[in-house]
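# Breakdown of the fold
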Amino acid sequence: MRVVLAEDSVLLRAGLTKLLTDGGFEVVAAVPDADQLLGAVDAYRPDVVVIDVRMPPTYTDEGIRAALVIRRQHPEIAVCVLSQYVEERYATDLLSVDTSGMGYLLKDRVAHVSDFLDALRRVAAGGTALDPEVISQLLVRHDDPMRRLTPREQDVLRLMAEGRSNGGITEALKVSHSAVEKYVSHIFVKLDLPPTDTDHRRVLAVLKYLGS
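Residues numbered from 1 in each chain as written. Predicted model: local features only at pLDDT ≥ 70, side-chain atom pairs only at ≥ 80, totals over all residues. Heavy atoms only, no water.

An unreviewed UniProt entry annotates the protein chain as DNA-binding response regulator originating from Couchioplanes caeruleus subsp. caeruleus.

Right under this line is the structure:
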């Protein structure tokens with residue numbers, strides 16, 4: 001699995017390169033800024049890119065804006081944002097269209113290397129990996145709909161946003177499978193998401209109030 005890595009810290013860049021290589025990934029390019037990232041993506045067409053949010057020259061949002069460009073120009077390439085920050089404005093744009101092949105993880109909350117590598121494999125395979133804290137910070141801007149949900153339903157919604165199946169939610173919350181199905185059904189009703197043949201309600205439940 002081929003990776004392009006964008007991280008401005010030389011030590012973190014070297015460390016992540018080794019972790020990814022040891023984990024079975026092929027790091028085809030490791031670059032320090034967004035311009036070189038976009039050039040490497042055009043040149044190598046990787047399976048997945050791992051991107052920091054804040055990179056030169058302004059160290060504000062260059063990385064996540066580059067992620068938006070990649071999603072627009074190369075929708076077949078998976079994107080995993082790995083940062084210390086939740087950049088709300090562009091994160092909302094990034095997550096409001098399609099979360100397939102999309103990840104947003106917070107560096108300080110990655111407890112185990114194996115968890116990070118598993119999340120990256122899931123994203124590269126077309127899945128989703130979103131840190132619950134990312135979801136919490138984005139959802140708080142649209143708290144009116146969330147007040148419709150019970151605390152347990154909010155827990156289920158956050159686990160759905162991480163890409164968990166009903167079985168995975170059952171294991172995480174230590175409840176029955178039928179209880180999870182009931183929670184998910186209530187979430188759909190409370191967020192005004194009726195059954196449809198064309199839309200994926202699990203994705204819409206997470207993204208309904210994140211975009212415009």
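### Observations regarding the domain arrangement of the protein chain
Quick note on the threshold: Boundary definitions for the domains trace back to an automatic or database domain assignment. Pairs of residues are marked as contacts when any of their non-hydrogen atoms sit within 4.5 Å. Summed over both partners, the accessible area (1.4 Å probe) lost when two parts come together is defined as the buried area.
For the protein chain, the assigned domains read domain 1 (2–140) and domain 2 (145–211). Spacing between the C-alpha centres of domain 1 and domain 2 amounts to 25 Å. Contact with domain 1, which involves 13 residues of that partner, is made by eleven residues of domain 2. Between domain 1 and domain 2 lies a buried interface of about 1100 Å² when both sides are counted; carbon and sulfur atoms form 70% of it.

### A short note on the nonpolar core
To keep things clear, this is the line we draw: Think of a nonpolar core as a cluster: buried Ala, Val, Leu, Ile, Met, Phe, Trp, Tyr and Cys residues, connected wherever their side-chain atoms sit within 4.5 Å. Residue exposure (1.4 Å probe, protein chains only): buried if accessible area is under 20% of the type maximum, exposed if over 50%, otherwise partly exposed.
With 50 residues, the main nonpolar core has Leu37, Val49 and Tyr104 as its most contacted residues. When residues are assigned to domains, this core turns out to be shared by domain 1 (2–140) and domain 2 (145–211), each giving three or more. Not counting residues within four places of it along the chain, the set of residues in contact with tyrosine 104 comprises Val53, Ile64, Val81, Tyr85, Val86, Glu87, Ala91, Ala129, Leu130, Asp131 and Val134. In this structure, Leu20, Leu82, Phe116 and Val123 belong to the second largest nonpolar core, which totals 17 residues.

### Examining helix H2 (residues 34–44)
Where we set the bar: Secondary structure elements follow DSSP: runs of H or I no shorter than four residues count as helices, runs of E no shorter than two count as strands, and numbering proceeds from the N terminus. Within this analysis, the arc is defined by the directions that extend from the helix axis to the C-beta atoms. Polar contacts, as used here, are pairs of N or O atoms within 3.5 Å; protein pairs need one atom able to donate a hydrogen and one able to accept it. Residues neighboring in sequence count only if both atoms are side-chain atoms.
The set of residues buried in H2 consists of Ala34, Leu37, Ala40 and Val41. Along the long axis of H2, the arc covered by the buried residues comes to 115°, so they all point the same way. Away from its buried face by more than 90 degrees, H2 exposes Asp35 and Ala43. Buried-residue contacts for H2 involve strand E1 (2–6), strand E2 (26–31), strand E3 (48–51) and helix H3 (62–73). Looking at where H2 begins, the residue whose side-chain oxygen comes 3.2 Å from the main-chain nitrogen of aspartate 35 is aspartate 33.

### Some thoughts on the sheet that holds strand E6 (residues 128–130)
Rules: Note on pairing: DSSP must find at least two bridges between two strands before they are called paired. For helices, the fitted axis covers only the stretch in contact; all axes are lines through C-alpha atoms, and the angles between them, taken along N-to-C directions, range from 0 to 180 degrees.
Spatial strand order, E2-E1-E3-E4-E5-E6: six strands in an open sheet with parallel pairing. With partners counted over all chains shown, the strands left at the sheet margins are E2 and E6, one partner each. Pairs of neighbouring strands in the sheet enclose a mean axial angle of 20°, with direction left out of account. For E1 and E2, the ladder comprises five bridges, and the chain directions are parallel.

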